[in-house]
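# Residue-level structure breakdown
Single-letter residue listing:
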Amino acid sequence: MEILLNKVTFTYGEKKILDEINLSVRKQEHVGILGSSGGGKSTLLKIIAGLYEITEGTCIVSGCQDLDSIRKQVAVVMQNTSLFPMSIRDNITCGHSMSEERISKAVEAAQLESWIDSLPEGIDSYVGERGGKVSGGQAQRIAIARAIAKDAPIILLDEPTSALDDETAKAVMLALENLTKGKTVVHVTHRVETLWDCDCIYDLRGGKLYDTKSKSSI
Ligand SMILES: Nc1ncnc2c1ncn2[C@@H]1O[C@H](COP(=O)(O)OP(=O)(O)OP(=O)(O)O)[C@@H](O)[C@H]1O
């Protein structure tokens, strides 16, 4: 199993958000997790991303249990990406040294090429404070390019298109398809229609995770 959660419980202070969650995800499997707002979807994703220490249970990601090692195995695309006040290039590489070829491939797969080519300073253009000089769709595609360039085996998605209009969401979906191909994916959302390419879908309710068996049963 690439991701294995065994009786994972998580509390913020006194408030129990996740209650003995079990989840197994095989290599290259695409898993969707549906849930209403405030149900703990983002919290669950952050645990799998190695961002939170769990209260009880075990979380094993690519055979690792320590948070630093887990973080190396995953790439995350969230709902609202906050970009660093740096160039597009630095936002993609996050300061890691990478070949030009690797960066160009990520730019192309994230559907950013024609926009970047139209900028006077190209990939070295500054994105502004908190990404203020780029649109929401461009910011999401930069985040996707960052995830592609990282080339982690596990991709974690948290409503990556929900803040975008339909037209922009379509372009971002193409970029997401390129990102997730051949990878292990966990995608959390409250919209079942965004989980069309998942092998299976779970339902997160009242801190518990339920197997929905098939997409048609939702
Ligand atoms: N850092 C935090 N400290 C305390 N409580 C938090 C924190 N982050 C989230 N919560 C609470 O935990 C619960 C679950 O939040 P979470 O963001 O995981 O839900 P979600 O299902 O992703 O919601 P949404 O779809 O609205 O993003 C909510 O009640 C939220 O208010």
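Residues numbered from 1 in each chain as written. Predicted model: local features only at pLDDT ≥ 70, side-chain atom pairs only at ≥ 80, totals over all residues. Heavy atoms only, no water.

### Quick word on the layout of surface pockets
In this model, the largest pocket occupies a volume close to 670 Å³. Considering the residues around the largest pocket, the lining is formed by 26 residues, among which Ala 75, Val 76, Cys 94, Arg 146 and Lys 150 are closest to the centre. Those elements that provide at least two residues to the lining of the largest pocket are strand 5 (74–77), helix 3 (88–93) and helix 6 (136–150). Per element, the largest residue contribution to the lining of the largest pocket is five residues, and it comes from helix 6. Grouping the amino acids of the lining of the largest pocket by side-chain chemistry returns 15 nonpolar, six polar and five charged. Of the residues contributing to the lining of the second largest pocket, the split by class is three nonpolar, two polar and four charged. (1 Å grid on protein atoms, 1.4 Å probe; cavity = no way out; pocket = protein on both sides within 12 Å on 5 of 7 lines; lining within 4 Å. Points joined across faces, edges and corners; volume = space filled by probe spheres on them. Helix = DSSP H or I, 4+ residues; strand = E, 2+ residues; numbered from the N terminus. Nonpolar A, V, L, I, M, F, W, Y, C, P; charged D, E, K, R; others polar.)

### Here's the deal with the packing of helix 6 against helix 7 (residues 166–180)
Where helix 6 contacts helix 7, the axes come no closer than 10 Å and their chain directions differ by 0°. It follows from the interaxial angle that helix 6 and helix 7 lie roughly parallel. Contacts from Gly 137, Gln 140, Arg 141, Ile 144, Ala 147 and Ile 148 of helix 6 reach helix 7 at Thr 168, Ala 171, Val 172, Ala 175, Leu 176 and Leu 179. Of the residues that constitute the contact of helix 6 with helix 7, the class distribution is eight nonpolar, three polar and one charged. (Axes fitted to C-alpha atoms, helices over the stretch in contact; angles between N-to-C directions. Parallel < 35°, antiparallel > 145°, perpendicular 65-115°, else oblique. Contact = heavy atoms within 4.5 Å.)

### Observations concerning empty space enclosed by the protein
A full pass over the atoms with the stated rule returns one cavity of 30 Å³ or more. In this structure, the largest cavity occupies an estimated 130 Å³ of space. Forming the boundary of the largest cavity are His 30, Leu 157, Met 173, Leu 176, Glu 177, Thr 180, Val 185, His 187, Thr 194, Trp 196, Asp 197 and Cys 198. Of all the secondary structure elements, the ones that give two or more residues to the lining of the largest cavity are helix 7 and strand 7 (184–189). It is helix 7 that contributes the most residues to the lining of the largest cavity, four residues altogether.

### Description of the sheet that holds strand 5
The six strands lie next to each other as 5-6-7-3-8-9, forming an open sheet whose pairing is mixed. Either end of the sheet is taken by a strand with one partner, and the two such strands are strand 5 and strand 9 (208–211). Across the sheet, the axes of successive neighbouring strands diverge by a mean angle of 20°, strand direction being ignored. Taken together, the five bridges between strand 3 (residues 30–35) and strand 7 define a ladder with parallel strand orientation. Counted as the bridge partner of Leu 34 is Thr 189 from strand 7. (Pairing = 2+ DSSP bridges.)

### Things to note about unusual backbone geometry
Look at Glu 20: it is not a glycine, yet its phi comes out positive at around 50°. Take Glu 20: it is sitting in strand 2 (residues 15–25). For Asp 151, which is not glycine, the phi torsion reads 55° and is therefore positive.

### Some thoughts on the site of the ligand
What surrounds the ligand is the set Tyr 12, Lys 15, Ile 17, Ser 36, Ser 37, Gly 38, Gly 39, Gly 40, Lys 41, Ser 42 and Thr 43. At 2.8 Å from an oxygen atom of the ligand is found a main-chain nitrogen or oxygen belonging to Gly 38. Calculation on the ligand without its partners gives an accessible area of 640 Å², and the protein chains cover 59% of this total. Classifying every residue of the shell around the ligand by side-chain character gives two nonpolar, seven polar and two charged. (Near = heavy atom within 4 Å. Polar contact = N/O pair within 3.5 Å; in protein donor to acceptor, adjacent residues only side chain to side chain. Areas by Shrake-Rupley, 256 points an atom, 1.4 Å probe, with all protein chains shown as cover.)

### Some words on helix 1 (residues 41–48)
Turn by turn, an α-helix covers 3.6 residues, leaving residues three or four places apart pointing in a common direction. With six of its eight residues buried, helix 1 lies for the most part within the structure. For helix 1, every residue scored as buried is listed here: Lys 41, Thr 43, Leu 44, Leu 45, Ile 47 and Ile 48. At the C-terminal side of helix 1, Gly 50 shows a positive phi close to 75°. (Buried < 20%, exposed > 50% of the residue type's maximum accessible area, 1.4 Å probe, protein only.)

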